[in-house]
Structures are given as C-alpha cells and as structure tokens.
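# Examining the three-dimensional arrangement
This is what each chain is made of:
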Amino acid sequence: MDDRIKVFERAKELLLDHDMMGFANLWAVDGTMEFPFAPAGRPRLLEGREAVRAYVRDYADHIDLRGVAHQVIHRTEDPEVLIVEFSMDAVAVSSGRPLRPSYIAVITVRNGEIASYRDYWNPLMLSEVGFGAEEDRTDD
C-alpha cells in the first residue's frame, strides 16, 4: 500500500475513533486544508497544522461519524496525489438525526504527511449539525 492510501486509511480510522487531534496531526506543519465550496462566513483555507487542529477540535461534538458507507479511491499519475470519493454513516449530535455526508477529497501526501487536502463537501449539511457556527470560524 502506498503512502497516499496509508495516510487516507489512517485518517478514516482516526475520524471513526473521534480522535480529531490525531486526525489533525496527520498534517504537515505547513500543510493546508481547503474547502472550495464553503459558503460565505465559513473558512475556505486553513494554513498549517495548528489551523487544522483549531478547526476540527469540536467536530465530534456535532457529527458522530459511525462508518464508511461508500468509498472509491482514484490513484493519480502523480505519486503524491490521491482522489477519494466517500460517504460516511453519521448522526447529527444535536438532533440524533441520521446523516450520510458525502465528500470528494484531493489529497497530497509528502513524507507520510498531508501537505494539502482539498475537501469538496456539501455545505448544506451545516444546517443539520450546527458545526462551526462560532464567530471565530469565519474567513475574514
């Protein structure tokens, strides 16, 4: 298994274990996380591991990820880049309502760490979970 897939598989394990700091620790110190479809008032770019840590610190308080419902891994010709389509079985913590968030992630892995993670997620999910409503979560 190549490094790209090892890192992605580890990321899923940590998310399912609700270990958000472990998940953030997969990032390179200067790694980035992008949200190209983020709505107004939501961050579009996180720069550095510490920014990722701050962003995901309370993720599990809002979304209880329980399993992978669907996954397709696309290896690219670039040995550092992986594209993954996946959806998760989850529950909105505030309402107890079941969810199935879907993602497409473009992940660049260098030296066993995430250098770049572009997360193409559905922002409509925000109304279900109330994630990131705090004032300090904007992209001013």
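Keep in mind that what you see is a predicted model, and the values were worked out from it rather than measured.

Basis of the calculations
- Residues numbered from 1 in each chain as written.
- Predicted model: local features only at pLDDT ≥ 70, side-chain atom pairs only at ≥ 80, totals over all residues.
- Heavy atoms only, no water.
- Helix = DSSP H or I, 4+ residues; strand = E, 2+ residues; numbered from the N terminus.
- Polar contact = N/O pair within 3.5 Å; in protein donor to acceptor, adjacent residues only side chain to side chain.
- pLDDT = per-residue confidence, 0-100.
- Contact = heavy atoms within 4.5 Å.
- Buried < 20%, exposed > 50% of the residue type's maximum accessible area, 1.4 Å probe, protein only.
- Arc of directions from axis to C-beta.
- Phe/Tyr/Trp six-rings, centres within 6.5 Å; stacked < 30°, edge-to-face > 60°.

## Focus: the side chain of Lys 12
The residue Lys 12 is located in helix H1 (residues 3-16) in this model. A distance of 3.1 Å separates a polar atom in the side chain of Lys 12 from a polar atom in the side chain of Glu 9.

## Thoughts on the confidence of the model for the protein chain
For the protein chain, per-residue confidence averages 89 on the pLDDT scale, and 89% of positions sit at 70 or higher. This stretch, residues 132-140, has a pLDDT under 50; its non-local contacts, to residues over four places away or in other chains, come to 17 contacts.

## Points about helix H3 (residues 49-56)
Residues of H3 that are buried: Arg 49, Val 52, Tyr 55 and Val 56. Projection of H3 onto a plane perpendicular to its axis shows the buried side chains occupying an angular sector of 125°, all on one side. Residues of H3 that are buried make contact with helix H2 (20-24), strand E1 (27-34), strand E2 (45-47) and strand E7 (113-121).

## Notes on the packing of aromatic side chains
Within this structure, the stated rule accounts for 7 aromatic pairs. Relative to Tyr 117, the ring of Trp 27 has its centre 5.6 Å away and its plane inclined at 40°; by these criteria the two rings are tilted. With a gap of 90 residues between them, Trp 27 in strand E1 and Tyr 117 in strand E7 connect regions that are remote in the sequence. With a centroid separation of 6.3 Å and an interplanar angle of 85°, the aromatic rings of Phe 35 and Trp 121 are classed as edge-to-face. Of this pair, Phe 35 sits in the loop between E1 and E2 while Trp 121 sits in strand E7, placing them 86 residues apart in sequence. The class for Trp 121 is buried, based on a relative accessible area of 7%. An aromatic cluster is present here, built from Phe 8, Phe 86 and Tyr 103 joined pairwise through their rings.

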